[in-house]
Amino acid sequence: MSGLVGLVLAGGAADQVGVEPFFMELIAGMEEALGPHGASVLLLVVPDREAELAAYDRWAAGRTVAAVVVVNLVRRDVRPGHLASLGLPAVLAGRGDELFSRVITDDAAAMTAAIDALIALGHRDIGRVSGPTTLIHTAERSATLSAAAGVRVTEVEGDYSSASGVRGIRALLSADPPPTAVIFDNDVMAVAAEQELTRAGIAVPAQISLLACDDSPLCELATPPLSALSKNVHEHGLILGDAVLAVLAGAPPEDREGPAVRIQLRDSTGPAPARAGGGRAEG
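Below is a short write-up of the structure.

Cut-offs used in this document
Residues numbered from 1 in each chain as written. Predicted model: local features only at pLDDT ≥ 70, side-chain atom pairs only at ≥ 80, totals over all residues. Heavy atoms only, no water. Axes fitted to C-alpha atoms, helices over the stretch in contact; angles between N-to-C directions. Helix = DSSP H or I, 4+ residues; strand = E, 2+ residues; numbered from the N terminus. Parallel < 35°, antiparallel > 145°, perpendicular 65-115°, else oblique. Left-handed = near helix turned anticlockwise from the far one by under 90°. Contact = heavy atoms within 4.5 Å. Nonpolar A, V, L, I, M, F, W, Y, C, P; charged D, E, K, R; others polar. Pairing = 2+ DSSP bridges. Core = buried A, V, L, I, M, F, W, Y, C linked by side-chain atoms within 4.5 Å. Buried < 20%, exposed > 50% of the residue type's maximum accessible area, 1.4 Å probe, protein only. Salt bridge = Lys/Arg side-chain N within 4 Å of Asp/Glu carboxyl O.

This part takes up the packing of helix H7 (residues 162–173) against helix H8 (residues 187–199). At a minimum axis distance of 7 Å, the contact between H7 and H8 shows a crossing angle of 55°. The orientation of H7 relative to H8 falls into the category oblique. As H7 runs across H8, the sense of the crossing is right-handed. Contacts between H7 and H8 pair Ser-162, Ser-164, Gly-165, Val-166, Ile-169, Arg-170 and Leu-173 from the former with Val-188, Met-189, Ala-192, Ala-193, Glu-196, Leu-197 and Arg-199 from the latter. Tallied by class, the residues present in the contact of H7 with H8 amount to 8 nonpolar, 3 polar and 3 charged.

This is how it looks when you write it as structure tokens:
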């Protein structure tokens, strides 16, 4: 084949393109898969979902792209159905409409690994600064965390920006009881929160442990380096690119596993601090 594969980033995802490494690594992997077949990724950044749907309309009318990759799937997502009505082949990056090929990451297993690691360190009060709650993978992570036995969970919603990381950690510190460990749904929020704690004179991890759900060089360069759930984003892009090639070759819809997620423990996580009155918090 030859041509373009469309990828639209809308709203909050669009705001993070220049800050968060995730999408650039994802696109690099897609390009590696598509390039030998004469195809490349057409990235479009738009402000909202309405603009994204309008872009699909233009692409279909002008036959601009051969296929589309859809990211950041939400509950009752209108995009797969819209693309089907336009006759645009698509691959979904996540759990969405089963009529399409999908590349699925096991977010529940990843969150379980994070919780287990924190419990092993004695943490029983765990906070989380999530991504937007409309996202399917956010809901999967939340369900796993809320079902964890022996821990108290406090969650606040973020939007992946550094500002929401700061707001989130401030809100969690004012909770009763405050968490002894906090999980962030991306690296940008985690780094910003760690910087805020440093400014406030709160020691990481002696007073509070931090863990990011996305690993990146930002996590490695933070002070102290941030523990993270790590997956090979480049490989994820390769899998998406291969899925697109299969769809364009006429293959029926199928699910493919995304890269495995492992926990990378660094210096931002440590034993739970003793609560006032002695001892560690117990669930």
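Continuing now.
Our next topic: the packing of helix H5 (residues 107–120) against helix H6 (residues 136–146). With their axes 8 Å apart at the nearest point, H5 and H6 run at an angle of 40° to one another. As summarised for this structure, H5 and H6 are arranged oblique, according to the angle between their axes. Classified by chirality, the crossing of H6 by H5 is right-handed. Contact residues: H5 offers Asp-107, Ala-108, Met-111, Thr-112 and Ile-115, while H6 offers His-137, Glu-140, Arg-141, Thr-144 and Leu-145. Considered class by class, the residues forming the contact of H5 with H6 number 4 nonpolar, 3 polar and 3 charged.

In this section: the sheet that holds strand E5 (residues 101–104). Whether parallel or antiparallel, the strands of a sheet pair through hydrogen bonds between backbone atoms. Read from one edge of the open sheet, 6 strands run E2-E1-E3-E4-E5-E11, paired in parallel fashion. Every interior strand has two partners, whereas the edge strands, strand E2 (39–46) and strand E11 (255–257), have only one. Direction aside, neighbouring strands of the sheet carry axes that sit 25° apart on average. Relative to strand E4 (residues 90–92), strand E3 (residues 67–70) runs parallel, the two being bridged by 3 bridges. Within the sheet, the bridge partner assigned to Val-69 lies in E4 and is Val-91. Sheet strands touched by helix H2 (residues 22–34): strand E1 (3–10), E2 and E3. Its angle to E2, the strand with the most contacts, is close to 155°.

Here we come to the nonpolar core. Counting 23 residues, the largest nonpolar core has Leu-7, Met-30, Leu-34, Val-69, Val-71, Leu-240 and Val-244 as the members making the most contacts within it. Contributions of two or more residues to this core are made by E1, H2, E2, E3 and helix H10 (233–248). Not counting residues within four places of it along the chain, the set of residues in contact with Val-69 comprises Val-5, Gly-6, Leu-7, Met-30, Val-91, Leu-240 and Val-244. Ile-169, Val-182, Ala-190 and Leu-197 belong to the second-largest nonpolar core, a separate cluster that totals 22 residues.

In this structure the tally under the stated criterion is 14 salt bridges. A salt bridge links Asp-125 to Arg-152, with the shortest nitrogen-to-oxygen separation between them at 2.5 Å. Taken together, the positions of Asp-125 in strand E6 (residues 125–130) and Arg-152 in strand E7 (residues 152–157) put the pair 27 residues apart, joining distant regions of the chain. In this structure, Arg-199 engages Glu-196 in a salt bridge whose closest nitrogen and oxygen atoms are separated by 2.9 Å. Here Arg-199 pairs with Glu-196, and both are found in helix H8, just 3 residues apart, close to one helical turn. The class for Glu-196 is buried, based on a relative accessible area of 14%. Among the charged side chains, a salt-bridge network with shared partners connects Asp-107, Arg-128, Arg-141, Glu-155 and Asp-185.

Everything listed here is a matter of geometry and, on its own, says nothing about what the molecule does.
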